[in-house]
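# Observations on the three-dimensional arrangement
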Amino acid sequence: MSVPYGAKFPQYIHLLPQFCFWEIDEIAIFFGFVFISWFMFKPACLLAPVVTYLYTRAKRRNPPGYMQHMMYCLGWTKFDGYPSYFEKHFHE
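Residues numbered from 1 in each chain as written. Predicted model: local features only at pLDDT ≥ 70, side-chain atom pairs only at ≥ 80, totals over all residues. Heavy atoms only, no water.

### Here we look at the packing of helix α1 (residues 24-40) against helix α2 (residues 48-61)
Direction vectors running N to C along α1 and α2 enclose 150°, while the axes themselves pass 9 Å from each other. By the angle between their directions, the pair α1 and α2 is classed as roughly antiparallel. Relative to α2, the crossing made by α1 is right-handed. Across the interface between the two elements, Asp25, Glu26, Ile29, Phe30, Phe33 and Val34 of α1 pack against Ala48, Pro49, Val51, Thr52, Tyr55, Thr56, Lys59 and Arg60 of α2. Within the contact of α1 with α2, the residues separate by chemical class into eight nonpolar, two polar and four charged. (Axes fitted to C-alpha atoms, helices over the stretch in contact; angles between N-to-C directions. Helix = DSSP H or I, 4+ residues; strand = E, 2+ residues; numbered from the N terminus. Parallel < 35°, antiparallel > 145°, perpendicular 65-115°, else oblique. Left-handed = near helix turned anticlockwise from the far one by under 90°. Contact = heavy atoms within 4.5 Å. Nonpolar A, V, L, I, M, F, W, Y, C, P; charged D, E, K, R; others polar.)

What follows is the structure in structure tokens.
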């Protein structure tokens with residue numbers, strides 16, 4: 001089978017990298033919770049799978065980009081070319 005223009009692309013280039021059945025953001029939530037709870041209250045490490053499950057459930061229940069939009073609303077991230085979420089008046 002010939003590839004047009006001599007380029008071969010992965011089939012799922014838009015998806016996040018995965019390890020087993022977790023995507024990279026879910027792995028970051030899991031290990032971040034384990035790391036923080038290890039220094040604060042060690043038995044809380046047992047809650048890491050529960051917290052990750054709740055995050056995964058919330059992520060899959062909403063449309064793509066929802067979590068990034070929520071972080072934008074909380075002021076944790078910004079979109080390039082857009083004003084801050086806290087801006088109320090705009091001047092052209």
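Continuing now.
### Overview of the pattern of salt bridges
Enumeration over the complete set of coordinates arrives at four salt bridges. Of the charged contacts, one joins Lys59 and Asp25 as a salt bridge, the two residues approaching to 3.2 Å between their closest N and O atoms. On the criterion of sequence distance, the pair formed by Lys59 in helix α2 and Asp25 in helix α1 is long-range, its members being 34 residues apart. Lys59 gets classed as buried once you look at its relative accessible area, which sits at 17%. The partner of Arg60 in a salt bridge is Glu26, with the nearest N and O atoms 3.5 Å apart. Separated by 34 residues along the polypeptide, Arg60 in helix α2 and Glu26 in helix α1 bring together distant segments of the chain. Residue classification places Glu26 among the buried positions, given a relative accessible area of 0%. Taken together, the salt bridges that share partners define one network made up of Glu23, Asp25, Glu26, Lys59 and Arg60. (Salt bridge = Lys/Arg side-chain N within 4 Å of Asp/Glu carboxyl O. Buried < 20%, exposed > 50% of the residue type's maximum accessible area, 1.4 Å probe, protein only.)

### Observations concerning the side chain of Thr52
Summarising the element assignment, Thr52 is placed in helix α2. A residue is classified by how much of its surface remains accessible, and Thr52, at 0% relative accessible area, is buried. Here the side chain of Thr52 touches Ala48 through a polar contact of 2.8 Å, landing on its backbone oxygen. Aside from chain neighbours lying at most four places away, what touches Thr52 is Trp22, Glu26, Ile29 and Phe30. (Polar contact = N/O pair within 3.5 Å; in protein donor to acceptor, adjacent residues only side chain to side chain.)

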